[in-house]
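Residue-level listing of the chains:
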Amino acid sequence: MPAQRLTPSTVALLTLPPLMWASNAIVGRLVAGMIPPVMLNFLRWVLVFVLLLPLATVVLRRGSGLWQHRRGLLLLGLLSVGCYNALQYLALQTSTPINVTLVGSSLPVWMLAIGLLFGTAVSRRQLLGAALSIAGVLVVLARGEAQQLLQLRLVPGDLYMLAATLAWAAYSWLLTRPGYPASLRAHWAGFLMAQVVFGLPWAGAFALGEALWLDPVSTAWGWPLAGALLYIALGPSLTAYLCWGAGVRRVGPSTAGFFANLTPLFAVLLSGLVLREPPRLYHGFAFALIVGGIVVSSRRAAPA
């Protein structure tokens, strides 16, 4: 299916996930001392599975196509349910929400690179859009002062987030591949359930490995942790995956990837609300650059 032009509804679909992802980074940082990061990811998806059961039981029935396409779904489940958020929560152990989301904003570059492997040409507009969006990210990183970039220091968490971003870029491209039956693609809950079914074993295995070999912190059960788990299951999981999948199918992974650069802007704003720090003028400038990159990259060249 050819990519569509950006419409207000598509913009809304692709803007909500970055907001959810930014809030996920804030929550992940807040509960960093309450629960091991990979276990947090596993419990998150267990809860998502339970929430999806009333909406997507048809996928678990014989004849749905779930088991016939297990190889592709195992890969989707590994990249999304198994890896992405586990690596992000692991990153938040040593990095800040803003740094994590900034590293994640390299997504458009990896989207374009992986697109080449799928035989997709990269246009000059997309390259220009990538440059504008990354410039906006750098403005946030530098806090409006160029010399701040010279003092930037990467920590292990930044490298974990880079690995997570690569996994998400590959996942987004795999979403567009044909071959999954209409019975799986027909409803967002069913297709997400298919990924969760094959992703939970990965997430569980990684959580077991964390418990056996990484000597994680003890889980502090209580209402704060329960509330955090419920939120990340309903928001960054169900809502964000629904909107991202729909948006990617409308405009394609390359254009959709530019919207991920809104995540650090939202992370700055949300961090400001939590820390009672108002946004600065450079945040507005960075926002303009990032949005400019989205607009430029999504415009089609005029016919000759």
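One structure accompanies this document, and this report is about it. Since we're looking at a predicted model, the values are computed, not measured. (Residues numbered from 1 in each chain as written. Predicted model: local features only at pLDDT ≥ 70, side-chain atom pairs only at ≥ 80, totals over all residues. Heavy atoms only, no water.)

## Focus: empty space enclosed by the protein
Then, number 1: Using the criterion set out here, one finds 1 cavity of 30 Å³ or more in the structure.
Then, number 2: Its boundaries defined by the atoms lining it, the largest cavity holds a volume of some 130 Å³.
Then, number 3: If you go around the largest cavity, you meet 13 residues; those closest to its centre are Trp 21, Tyr 84, Gly 104, Met 161 and Thr 263.
Then, number 4: At the level of secondary structure, the elements contributing two or more residues to the lining of the largest cavity comprise helix H3 (70-91), helix H4 (97-104) and helix H7 (156-175).
Then, number 5: When the residues that make up the lining of the largest cavity are grouped by side-chain class, the tally is 7 nonpolar, 6 polar and no charged. (1 Å grid on protein atoms, 1.4 Å probe; cavity = no way out; pocket = protein on both sides within 12 Å on 5 of 7 lines; lining within 4 Å. Points joined across faces, edges and corners; volume = space filled by probe spheres on them. Helix = DSSP H or I, 4+ residues; strand = E, 2+ residues; numbered from the N terminus. Nonpolar A, V, L, I, M, F, W, Y, C, P; charged D, E, K, R; others polar.)

## Examining the environment of Tyr 160
Then, number 1: Checked against the element boundaries, Tyr 160 lands in helix H7.
Then, number 2: On the basis of relative accessibility, which here comes to 36%, the residue Tyr 160 falls in the partly exposed class.
Then, number 3: Through-space distance from the C-alpha of Tyr 160 to that of Leu 87 is 5.6 Å; in sequence the pair is 73 residues apart.
Then, number 4: Excluding its chain neighbours within four sequence positions, the residues that come into contact with Tyr 160 are Leu 87, Leu 90 and Ala 91. (Buried < 20%, exposed > 50% of the residue type's maximum accessible area, 1.4 Å probe, protein only. Contact = heavy atoms within 4.5 Å.)

Everything listed is a geometric property; what it means functionally is a separate question.
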